[in-house]
Amino acid sequence: IGVAALTACSTSETDSQSANTVTVPDYWPQIQSPITNKQAVEAKVEALLADMTVEQKVAQLIQPEIRDVTVEDMRRYGFGSYLNGGGSFPGANKHATPQEWIDLAEAMYQASIDDSLDGSSIPTMWGTDAVHGHNNVIGATLFPHNIGLGAMRDPALIEEIATATAKEVRATGIDWIFAPTVAVVRDDRWGRTYESYSEDPAIVGEYARAIVTGLQGDISDGNIDDQHVISTVKHFVGDGGTDKGDDQGNNLASEKELFDIHAQGYVHGLNAGSQSVMASFNSWHGEKIHGSKYLLTDVLKDKMGFDGFVVGDWNGHGQIPGCTNDNCPQALLAGLDVYMAPTPTWRPLMENLITQVNSGEIPMSRLDDAVSRVLRVKLRVGLFDLPSPANRSLSGDISVIGADEHREIAREAVRKSLVMLKNNQQLLPLAPNSRVLVAGDGAHNIGKQSGGWT
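Residues numbered from 1 in each chain as written. Predicted model: local features only at pLDDT ≥ 70, side-chain atom pairs only at ≥ 80, totals over all residues. Heavy atoms only, no water.

Caption draft 1: A look at the pattern of salt bridges. What the rule picks out here adds up to 25 salt bridges. Between Lys303 and Asp26 there is a salt bridge, and its shortest N-O distance comes to 2.7 Å. Of this pair, Lys303 sits in helix α11 (residues 293-303) while Asp26 sits in the loop between β2 (21-23) and α2 (38-50), and the two are 277 residues apart along the sequence. Note that Glu408 is salt-bridged to Arg415, the shortest N-O span being 3.3 Å. On the basis of relative accessible area, Glu408 is assigned to the partly exposed category, the value being 38%. (Salt bridge = Lys/Arg side-chain N within 4 Å of Asp/Glu carboxyl O. Helix = DSSP H or I, 4+ residues; strand = E, 2+ residues; numbered from the N terminus. Buried < 20%, exposed > 50% of the residue type's maximum accessible area, 1.4 Å probe, protein only.)

Caption draft 2: Seen up close, the state of the cysteines. For the structure shown, the criterion picks out one disulfide. Two residues share a disulfide in this structure: Cys323 and Cys328, whose sulfurs sit 2.2 Å from each other. Between Cys323 and Cys328, the S-S torsion sits near 65°, and that sign places the bridge as right-handed. Residue Cys328 is classed as buried on the basis of its relative accessible area of 0%. (Disulfide = S-S within 2.5 Å.)

Caption draft 3: Molecular detail of helix α9 (residues 255-262). Taken together, the buried positions of α9 are Glu255, Leu258, Phe259, Ile261 and His262. Residues of α9 that are buried make contact with α8 (201-216), β8 (250-251), α10 (264-271), β10 (283-284) and α11. (Contact = heavy atoms within 4.5 Å.)

Caption draft 4: Inspection of the packing of helix α7 (residues 155-170) against α8 at higher detail. Two elements in contact, α7 and α8, have axes separated by 7 Å at closest approach and are oriented at 35°. Crossing of α7 over α8 shows right-handed handedness. Where α7 abuts α8, its residues Pro155, Ile158, Glu159, Ala162, Thr163 and Ala166 lie against Glu206, Tyr207, Ala210, Ile211, Thr213, Gly214 and Leu215. Per-class residue counts for the contact of α7 with α8 are eight nonpolar, three polar and two charged. (Axes fitted to C-alpha atoms, helices over the stretch in contact; angles between N-to-C directions. Left-handed = near helix turned anticlockwise from the far one by under 90°. Nonpolar A, V, L, I, M, F, W, Y, C, P; charged D, E, K, R; others polar.)

Caption draft 5: Spatial organisation of the nonpolar core. In terms of nonpolar packing, the biggest core is built from 123 residues, with Trp28, Leu295 and Met350 touching the most fellow members. Of the residues forming this core, the biggest block, eight residues, is contributed by α8. Filtering out sequence-adjacent residues up to four positions away, Trp28 remains in contact with Glu255, Leu258, Phe259, Ala263, Tyr294, Val299, Lys303 and Met304. (Core = buried A, V, L, I, M, F, W, Y, C linked by side-chain atoms within 4.5 Å.)

Caption draft 6: A look at the environment of Met278. As for its placement among the helices and strands, Met278 is situated in strand β9 (residues 276-279). Once the C-alpha coordinates of Met278 and Lys244 are considered, the two residues, 34 residues apart in sequence, prove to be 23 Å apart. If sequence neighbours within four positions are ignored, Met278 has contacts with Phe178, Thr232, Val233, Lys234, His235, Phe236, Val311, Gly312, Asp313 and Met340.

Caption draft 7: Fine view of the sheet that holds strand β12 (residues 309-311). With respect to topology, three strands assemble into an open sheet ordered β7-β9-β12, the strand pairing being parallel. The sheet is open, and its two edges are formed by β7 (232-236) and β12, each paired on a single side. Going from strand to strand, the sheet's axes swing by 30° on average, the running direction of each strand aside. (Pairing = 2+ DSSP bridges.)

Caption draft 8: Representation of the confidence of the model for the protein within the structure. On average, the protein scores 93 in pLDDT, and the residues at 70 or more come to 96%. Model confidence for the protein, summarised as mean pLDDT per element, is weakest for strand β1 (residues 5-7) at 36 and strongest for β12 at 99. Ignoring residues within four places in sequence, the model shows residues 1-18, a span with pLDDT below 50, making 24 contacts including any to other chains. (pLDDT = per-residue confidence, 0-100.)

Given below as structure tokens:
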């Protein structure tokens, strides 16, 4: 099936203590990162890490959801990040204003740098599913969803869309977007087909580079400014190629096919400098990706040289055999760096991880590596130097949300994303006096017309 060969040496006592050698095929490339300030950042990471307790380190790896965590929880534990998923809003209010989003971001930030309870002043960061515009925020610009954007075949316009989205997200005080989705759909029975740009890996790869560049801006100096955001290429890897299109199912591709078809978005997105990768719910030949040391560590981190962090997907760690949502050292050992824990189980999950580190079940070296990756990205995005969320350059600028220039970009994208398969009897262009029937359950459904996650 193309998975790595394991070579165990057992000819001597010394050899038996050696780690197994994992061979990763050379077609997995080394990332050509545009970032140049690595040495300065690493010195800061080491200095921060040296002063952290086990509890503070583990907290950097826990990502609760705003429905399940309070500002006081943040002050007490100092989580490395938090998120709002689709359909989740400040105060559970779908019509929350941009100012209410900023107010929550500011409160969480101030709680995270308050060291009175947890002894830590490391700033937290907020991640959101702004996947085709800031689609959780009333009044934000919506762009066509991925299936429509892919039909445009226009990477330059995609970069403009990503740049506009980053600004609107920043205007609400948020640091990080869970996008782009670089799934390469191979079976239209997959329920998330509309989240794939194309069945063609070349198009997906080209788009991944454009979106990451638009979201993060020029980061050749290692810095993401406060008009741009951290991007996430997701879901690593093979989610669009599961058997029979079963969502969260089993991808049966050979390793070469996995690379050629499903990994091109990561090659191009990471070469553009994307700082995070989200692990996928699906399995590869029966092994859950969240628990795959081969794919997360041997391939992505060691062979490709990815030095950002790997975040899980919505309790995906709990699907690993032997794991539950609140107890899963296997994921960290496999190479997951941040547990997305969007239920009240974040507390026992955190407590169990602390216990497992203290007992040696999780080596300190693995914990330190995961925390270093989170701190590295926080330093690159300037979280230690930027003003608080309410005081950044775009925060509270209501004119940015749904700005006229952003809506014009969206209109252009809509025009270019419309696809006619065949112009029977020269139907188009429509005569001005035509009467047209628009049928189907989406004909008068603003939600479906706007795309998913809105």
